[in-house]
Amino acid sequence: MTTTDDRAVTTPDTTLSGRDAYRDELPKDVAGGRPEAGTGTHPVAPAGERPEAPAGERRAPVAGTVPATDERRTATTATAPLPDERPVTLSGRDAYRDELTRLAASDDTIVCLEADLGGKGHPFQAAHPERFLNLGIAEGAMVDMAAGLAAGGHKPFVSTFAPFAALRAAESLKLTLGYLAAGVTVVAPYAGVSGAWFGTTHHCLEDLAILRSVPGVTIAAPYGDAEMRAVVREAARSGRPHYIRTGRNATYESLAPLGDELPLVNWEFRAGDREGREGWDAVCLVSVGEEGTRLALAARRAAPGTAHAHLVYLDHEHLTGAAAELARHHSRFVVVEEHRGQGGVAEALALLLPACEVRSVSADRSWPSQGGDHEEVMAALGLDLPAVLDALDAFARTTS
Amino acid sequence: MTITLEAPPHDDEIVATLTERAVQARRLVVDMAASPRGCHLGGSLSVLDILIAALHRAAADDGTEVVLSKGHAAAGLYAALHVSGILPENPAPLYGLAGHPYTGHPGPKVPGVRFPTGSLGHGVPYAAGWALSQKLRGRPGALGIAVAGDGELQEGLVWETCQVAAAQELGNFVLVVDRNGGQNDGMVADISPLPGLAARFTAFGFDTTEIDGHDLAALTDLLTEDRSTARKPLAVIADTVKGKGVRAVEGKPGSHYVTIDEARAAKWKRGIR
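Draft legend 1. Spotlight on the overall build of chain B. Helix and strand content of chain B: nine helices and eight strands. Relative to its length of 273 residues, chain B is compact, with a C-alpha radius of gyration of 17 Å against a globular reference of 19 Å. Relative to its 273 residues, chain B shows a buried fraction of 56%. By sequence separation, contacts in chain B at least 24 residues apart represent 78% of the contacts at least 6 residues apart.

Draft legend 2. Examining the overall build of chain A more closely. When you go through chain A residue by residue, the secondary structure sums to 13 helices and 12 strands. Looking at chain A as a whole, 50% of its 400 residues qualify as buried. Long-range contacts, defined here as pairs at least 24 residues apart, represent 73% of the contacts in chain A between residues at least 6 apart.

Draft legend 3. The arrangement of the nonpolar core in detail. Core analysis: the biggest nonpolar cluster contains 189 residues, and Val388 of chain A together with Val147 of chain B have the highest contact counts within it. Sorting elements by how many residues they give to this core places helix H2 (residues 41-58) of chain B first, with 10 residues. Each of domain 1 (92-245) and domain 2 (263-399) of chain A contributes no fewer than three residues to this core. When sequence neighbours within four positions are dropped, the list of residues in contact with Val147 of chain B reads Val47, Ile50, Leu51, Ala54, Val66, Val67, Leu68, Ser69, Lys70, Val176 and Asp178 of chain B.

Draft legend 4. Here's a closer look at the interface of chain A and chain B. On the side of chain B, 33 residues touch chain A, which itself brings 28 residues to the contact. Contributions of two or more residues to the side of chain A that touches chain B are made by strand E1 (2-4), helix H4 (139-151) and helix H6 (170-179) of chain A. Take the side of chain A that touches chain B: its biggest share by element is nine residues, from H4 of chain A. Classifying every residue of the side of chain A that touches chain B by side-chain character gives 13 nonpolar, 10 polar and five charged.

Draft legend 5. Structural detail: the domain arrangement of chain A. Residue and element names in this part refer to chain A. Its domain assignment divides chain A into domain 1 (92-245) and domain 2 (263-399). Domain 1 and domain 2 are separated by 26 Å when their C-alpha centres are compared. Listed per partner, the contact involves 23 residues of domain 1 and 29 residues of domain 2. Residue assignment for the side of domain 1 that touches domain 2 shows that the elements contributing at least two residues are helix H7 (207-212), strand E6 (218-220) and helix H8 (224-238).

Draft legend 6. Summary view of the confidence of the model for chain A. All names here are of chain A. Mean pLDDT over chain A stands at 83; residues scoring 70 or higher make up 76%. Segment residues 1-13 is flagged for pLDDT under 50; beyond a separation of four residues in sequence, or across chains, it makes 18 contacts in the model. Per-residue pLDDT stays below 50 along residues 27-79; that stretch engages in 85 contacts with residues further than four places along the chain or on separate chains.

Draft legend 7. Quick peek at the confidence of the model for chain B. Residues at a pLDDT of 70 or more form 97% of chain B, whose mean pLDDT is 95. A low-confidence stretch, residues 1-5 of chain B stays under pLDDT 50, and its non-local contacts, those more than four residues away or across chains, total 12 contacts.

Draft legend 8. Geometry of the sheet that holds E6 of chain A. All names here are of chain A. What the six strands build is an open sheet, ordered E3-E2-E4-E5-E7-E6; its pairing is parallel. Strands at the two margins of the open sheet, each flanked by one partner only, are strand E3 (132-134) and E6. Averaged over all neighbouring strand pairs, the angle between strand axes comes to 15°, with direction disregarded. As judged from the three bridges shared by strand E4 (residues 155-159) and strand E5 (residues 185-188), these two strands associate in the parallel manner. Each residue of the ladder has a partner; that of Ser159, found in E5, is Val187. Packed on one face of the sheet, H8 meets strand E2 (110-114), E4, E5, E6 and strand E7 (242-245) and runs near 165° to E7.

Draft legend 9. H4 of chain A, seen in detail. All names here are of chain A. The end-to-end C-alpha distance of H4 is 19 Å, a good match for the 18 Å that 13 residues give at a rise of 1.5 Å each. By the criterion of burial, H4 is predominantly enclosed, with 13 of the 13 residues buried. Downstream of H4 by one or two residues, Gly153 has phi in the positive range, about 105°.

Draft legend 10. Structural detail: helix H2 (residues 92-104) of chain A. Residues and elements named next belong to chain A. With 13 residues, H2 extends 18 Å between its outermost C-alpha atoms, agreeing within 8% with the 18 Å of an ideal straight helix rising 1.5 Å per residue. Within H2, the full set of buried residues consists of Gly92, Arg93, Ala95, Tyr96, Arg97, Glu99, Leu100 and Ala104. Elements that come into contact with the buried residues of H2 comprise E2, helix H3 (123-127), E4, E5, H8 and helix H9 (289-302).

Draft legend 11. Seen up close, unusual backbone geometry. Of note, the amide linkage connecting Ala256 of chain A to Pro257 of chain A takes the cis form, showing an omega dihedral of 0°. Structurally, the position occupied by Pro257 of chain A is in the loop between E7 and strand E8 (266-269). Not every positive phi belongs to a glycine, and Asp116 of chain A is a case in point at roughly 70°. Looking at the secondary structure, you find Asp116 of chain A in the loop between E2 and H3. C-beta crowding within 10 Å serves as the criterion here: with 13 such atoms nearby, Asp116 of chain A is assigned to the partly exposed category. Although it is not a glycine, Glu169 of chain B sits at a positive phi angle of roughly 55°. With respect to the helices and strands, the residue Glu169 of chain B is situated in the loop between helix H5 (156-167) and strand E3 (173-179).

Draft legend 12. Molecular detail of the packing of helix H1 (residues 12-33) of chain B against helix H9 (residues 262-270) of chain B. All names here are of chain B. Across the interface, H1 lies against H9 with an axial gap of 9 Å and an inter-helix angle of 165°. Considering the angle they form, H1 stands roughly antiparallel to H9. Crossing angle aside, the handedness with which H1 passes H9 is right-handed. On H9, the residues touching Arg27, Val30, Asp31 and Ala33 of H1 are Ala265, Trp268 and Lys269.

Draft legend 13. Representation of the packing of H4 of chain A against H5 of chain B. Where H4 of chain A contacts H5 of chain B, the axes come no closer than 9 Å and their chain directions differ by 75°. Taken together, the axes of H4 of chain A and H5 of chain B lie roughly perpendicular to each other. Where H4 of chain A abuts H5 of chain B, its residues Gly140, Ala141 and Met145 of chain A lie against Leu157, Glu160, Thr161 and Val164 of chain B. Partitioned by chemical class, the residues of the contact of H4 of chain A with H5 of chain B number four nonpolar, two polar and one charged.

Definitions and cut-offs
- Position numbers for residues start from 1 in each chain and track the written sequence from start to end.
- All chains are assigned letters beginning at A, and all ligands numbers beginning at 1, according to the order in which they are written.
- With the structure being a predicted model, the display of local features is reserved for residues of pLDDT at least 70 and the display and counting of side-chain atom pairs for 80 or more, all residues being used for whole-chain, interface and lining totals.
- Labels follow the DSSP assignment, with helices taken as runs of H or I lasting at least four residues and strands as runs of E lasting at least two, numbered in each case from the N terminus.
- For the radius of gyration, the atoms used are the C-alpha atoms, and the globule rule reads 2.2 Å times the number of residues raised to 0.38.
- Residues with at least 20 neighbouring C-beta atoms inside 10 Å of their own are called buried, those with 12 or fewer are called exposed, and the rest are partly exposed, where every C-beta is derived from the backbone.
- In this description, a residue-residue contact is defined by the distance between C-beta atoms placed from the backbone, which must lie within 7 Å.
- Think of a nonpolar core as buried Ala, Val, Leu, Ile, Met, Phe, Trp, Tyr and Cys residues chained together by C-beta atoms that fall within 7 Å.
- Where each domain begins and ends is defined by an automated method or by a domain database.
- Gly counts as polar in this scheme, as do all residues outside two lists: the nonpolar Ala, Val, Leu, Ile, Met, Phe, Trp, Tyr, Cys and Pro, and the charged Asp, Glu, Lys and Arg.
- Here pLDDT means the predictor's own confidence in every residue, given as a number from 0 to 100.
- Two strands pair if DSSP finds at least two bridges between them.
- Axis definition: a line fitted to C-alpha atoms, over the contacting stretch in the case of helices. Angles run 0 to 180 degrees between N-to-C directions.
- Expected helix span is computed as 1.5 Å times (number of residues minus one).
- By definition in this entry, angles of less than 35 degrees are roughly parallel, angles greater than 145 are roughly antiparallel, angles of 65 to 115 are roughly perpendicular, and the rest are oblique.
- Should the near helix be turned counterclockwise from the far one by less than a right angle, the crossing is left-handed, whereas a clockwise turn marks it as right-handed.

Shown next as structure tokens:
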């Protein structure tokens, strides 16, 4: 009889299994410390990581000018872009709550779960109190219980801040949304650094990296009221597992089109066409999420004529289709996203489009340790309008 | 406070049937230990009587769902599902083989299994969520039964869920603890003990009872109870013996994961009664 746990049996003169080798090496490994992370190569070039160009090499933006709010652009002659005066609508999380409340009026299988961050006066609670469940501060239990609810025939929508959903409850998301493919929708406000001065515990710049690696999960980062509502309706209709990231309280005017049919690629403007080759090598901004899209729109105002494609769905299946559509019109992309460069959409597009050039404007690898509003904390991570325009500049330099 | 639950007297014929199922299932588990993969033998044998009684309740087809949260006892679950008539094919010859779903920890490809378990703690909220769904649908008599190990109670997720279940007044949620005293690296009492366990559940707002986890009559009585009007979830602390039924390994922590040859399997199976 062999009576062991499931570990490999080894003898001193044989090659050790991986974990036994770890055990054998543990004391000196601890004493010697760990190797520094992040020393590998990177297929795209996050703006925050790029080396400073010598002052003499700095150039003006490809079109338009920007305010000199960032020291990296002090060499640039800057004037303010036109203000965005379009009207605002509900914030992403308020639009979610409102739309779900409306949907639940005609679908009694919808249940709304919160982990004590739904706020007082949640409209779903007021309209459907018997199906509104604040489970308390218990994110992992909430996601797992949603799996049980879905198995029982319900459509659970669960919501908590992105760091607590995507990181604390990551294993539950893998099993519930991925392996089980349960019809559970996770709505995650406070994505990126929208938590701003609340600090790093309330930031989430890693959720796309995690969720995009879980097969079968539909991932959306809607911009504006209308997109959020359309995404929520689709989640309820499809019964497929969804992860929806949004911000805190900021509001953004919806992009056209406003209906249920969200295009795979929402072109604000495209300059090129692969067939005719005309303009195919013009740079195209690709915007992801609320702040990525806000920055891309601002860059378009500062640099009129720049192509801009907005993406809502970010999972591998959607992004594969979007990449093909992007490559039909352009070959050079600047992806703007409020996420770490590693594991973000730019990396994914770079792999999907090996014949194209992809640059990333995303959060750098630092940890914000100071207060400030959302925009200020983003800027501390190298994620601001000057960074977007710098990335456009970089492409312009390679063609000049 | 530990309470004594009143339940209808069991049917001797049913208990005799379940007892025979348990014997058959233990022999299947030994067969799986004799597979090239081996299996988590001790915990599979300790939990078998609980699973057979719980699956008997679920067979009433009232919406009750059984979730084996201590998923490493997959061999025990597969055997119990087979002898209970839920899993038609004999899983023992197929255990751990490519092309078959009988992995070392169970997943939803196995007939009769809804949830993937094995990463400890998750089965408890799966069952609680199921109970909540039944309650919301106006079927509070349908139970969500989670079967956890005592070592598994070291996972915070278990207690997080207990907090939620009590707050939601999930009277149709039942958590059965297979208290065999062992865990992967030794004894629960030596690694991270659980003193006052019944009192802990009671303090969380559960009805709590302690029971002999190999007494099929008592288990059947308890798990067939009508809980449709209960306001508190139920914790059942079932005292069991690791390796129960195979004298060579009974009570031995080393029985946690076992690989044996066919000759030894045959000998052990002859001793199971």
